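The primary structure of each chain is shown beneath.
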Amino acid sequence: MGDVLAGFHAAWEFESDSVLIRYERGIRTPKLFQALGERRVPLAALQGVTLSPGRRGTVVLRAEPRPGADPLIEAAAGQLKESSDPYRLVLPAERETLAEYYADELRALLTESGPAERHLVAAPEAPLHFKAYDGKASFDGTSVSFRWFWTGASSAKWKAGDQKFAVAELNGVEWRSPEVFEGHLRLLRRDAGKQPAQADQDPAAVVFGLGYGPVHESLPFAAAVLSAVRSAGSAGAVVAAAPRRDPADIAERIRHLGELHRAGLVTDEEFSVKKAELLAEL
């Protein structure tokens, strides 16, 4: 097609075999988009296109990636906010007719559907690193390293010492968004047996906190690791959801949260939100 459709925060360039998405770097642009810069999405990685009304006089053109085709979306496991969805293009409502034209043109070029056997969209390139609450995570393309901070790491992690995991040792990743309670990045090891349920006790995990491990840093990191695991020949590489908690553990954490609330360290809104998140894990 060779045409460009520009919207808020991004522009889509339609080519014969792919869509090149270029993200803006403005103040209002989601930080994840700025971190991604641009992404080339092969048409083989898409299985559908939708056009729907948006908010405040806008329309939303969205491409639907095939399951397993994009390591970023696979690592996110449904946790991304709608505003940070890299496959959404928001346009003024007056451009709806033009958007509908491009949606129809793109649909006509899509021939694949269902789960992809391999990643078709390139992952963010290594080296990558970010600061979590309890340590610094680094990935050089072949191994992941965790270096613990004395101010945040648990005694279990200090006893284990700084960690380094070769991609060949891994079976997948578990990313729990830093925007929810108990966010973390956990490496799923092949031969580690049963890993500790709590990420703060697991030397194969780093935990997030307010201002630590933000989405635009930790999610591309998780996607790059997952892609490397797949490329290393692990066809069964997995992305795991955070495990369900023991009810007694949830009750204890709610009690502790209540103490922080009564001490004025947690606002009424933060208390309500975090309590609801904990109850949702039962």
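See the structure shown above.
I will try to describe carefully the structure that is included in this document.

The rules behind the values
- Residues numbered from 1 in each chain as written.
- Predicted model: local features only at pLDDT ≥ 70, side-chain atom pairs only at ≥ 80, totals over all residues.
- Heavy atoms only, no water.
- Helix = DSSP H or I, 4+ residues; strand = E, 2+ residues; numbered from the N terminus.
- Rg over C-alpha atoms; globule rule 2.2 N^0.38 Å.
- Buried < 20%, exposed > 50% of the residue type's maximum accessible area, 1.4 Å probe, protein only.
- Areas by Shrake-Rupley, 256 points an atom, 1.4 Å probe, with all protein chains shown as cover.
- Lys, Arg positive; Asp, Glu negative; His and termini not counted.
- Charge placed at Lys NZ, Arg CZ, Asp CG, Glu CD.
- 1 Å grid on protein atoms, 1.4 Å probe; cavity = no way out; pocket = protein on both sides within 12 Å on 5 of 7 lines; lining within 4 Å.
- Points joined across faces, edges and corners; volume = space filled by probe spheres on them.
- Nonpolar A, V, L, I, M, F, W, Y, C, P; charged D, E, K, R; others polar.
- Pairing = 2+ DSSP bridges.
- Axes fitted to C-alpha atoms, helices over the stretch in contact; angles between N-to-C directions.
- Contact = heavy atoms within 4.5 Å.
- Core = buried A, V, L, I, M, F, W, Y, C linked by side-chain atoms within 4.5 Å.
- Phe/Tyr/Trp six-rings, centres within 6.5 Å; stacked < 30°, edge-to-face > 60°.
- Expected span 1.5 Å × (residues − 1).
- Salt bridge = Lys/Arg side-chain N within 4 Å of Asp/Glu carboxyl O.

Quick notes on the overall build of the protein chain
Helix and strand counts for the protein chain come out as seven helices and 15 strands. For 282 residues, the compact-globule formula gives about 19 Å, and the C-alpha radius of gyration of the protein chain, at 20 Å, lands near that figure. Dimensions along the principal axes, computed over C-alpha positions, put the protein chain at roughly 60 × 45 × 30 Å. Each of the 282 residues in the protein chain was classed as buried or not, and the buried ones make up 44%. Carbon and sulfur atoms provide 51% of the accessible area of the protein chain, an area that totals close to 14500 Å². Charged side chains in the protein chain number 34 positive and 39 negative. The centres of these two groups are separated by 5 Å.

Brief notes about the layout of surface pockets
Each pocket or cavity is described by its volume, and for the second largest pocket that value is around 520 Å³. Forming the walls of the second largest pocket are 16 residues, and the residues nearest its centre are Arg 55, Thr 58, Ser 83, Arg 88 and Val 90. Elements represented by at least two residues in the lining of the second largest pocket include exactly β5 (46-53), β6 (58-65) and β7 (88-92). When its residues are assigned to classes, the lining of the second largest pocket shows six nonpolar, five polar and five charged.

A short note on the pairing of strand β11 (residues 163-166)
Here β11 shows a buried face lined by Gln 163 and Phe 165 and an unburied face lined by Lys 164 and Ala 166. Sheet topology note: the strand β10 (residues 143-148)/β11 ladder contains four bridges and is antiparallel. Directly across from Phe 146, in β11, lies its bridge partner Gln 163.

Remarks on the sheet that holds β10
On the basis of which strands lie adjacent, the open sheet formed by four strands has the order β8-β9-β10-β11 and antiparallel pairing. Two strands lie at the open edges of the sheet, namely β8 (128-131) and β11, each paired on one side alone. Within this sheet the neighbouring strands show an average axis-to-axis angle of 10°, counted without direction. Bridging between β8 and strand β9 (residues 135-139) involves four bridges; their strand directions are antiparallel. Counterpart to Phe 130 in the pairing with β9 is Ala 137. Packed onto the sheet, helix α5 (residues 215-231) meets β8, β9 and β10 and runs at close to 140° relative to β8.

Some thoughts on the side chain of Ser 143
Note on placement: Ser 143 falls in strand β10. Residues in contact with Ser 143, not counting those within four places in the same chain, are Ser 138, Lys 164, Phe 165, Ala 166 and Val 167.

Here's the deal with the nonpolar core
In this structure, Leu 187 and Val 225 are the most contacted members of the largest nonpolar core, which totals 60 residues. At ten residues, the largest contribution of residues to this core is made by α5.

Remarks on the sheet that holds strand β4 (residues 38-42)
Strand order in the open sheet made by the four strands is β1-β2-β3-β4, with antiparallel pairing throughout. In this open sheet, the two edge strands, each paired with only one partner strand, are β1 (4-6) and β4. Taking each pair of neighbouring strands and ignoring which way they run, the sheet shows an average axis angle of 15°. Alignment of strand β3 (residues 18-23) against β4, held across five bridges, turns out to be antiparallel. Looking at the pairing, Ile 21 lines up with Arg 39 of β4.

Quick notes on the packing of aromatic side chains
Counted according to the given criterion, the structure contains ten aromatic pairs. Through pairs of rings, three or more aromatic residues link up here, namely Trp 12, Phe 14, Tyr 101 and Tyr 102.

So, helix α3 (residues 96-109)
An ideal rise of 1.5 Å per residue puts 20 Å on 14 residues; α3 measures up with 20 Å between its terminal C-alpha atoms. Where α3 is buried, its residues contact β1, β2 (10-14), β3, β5, β6 and β7.

A word on the pattern of salt bridges
Considering all chains together, one arrives at twelve salt bridges under this definition. A salt bridge links Glu 13 to Arg 22; the shortest N-O distance between them is 2.7 Å. By relative accessible area, which is 18% here, Glu 13 ends up buried. For Arg 22, a relative accessible area of 41% gives the class partly exposed. Asp 134 is the salt-bridge partner of Lys 157, the closest N and O atoms lying 2.5 Å from each other. Highlighted residues: Lys 157 in helix α4 (residues 155-160) and Asp 134 in the loop between β8 and β9, separated in sequence by 23 residues. Take Lys 157 and Asp 134: they sit in the same class, and that class is buried. Where salt bridges share partners, they join Glu 13, Arg 22 and Glu 38 into one cluster.

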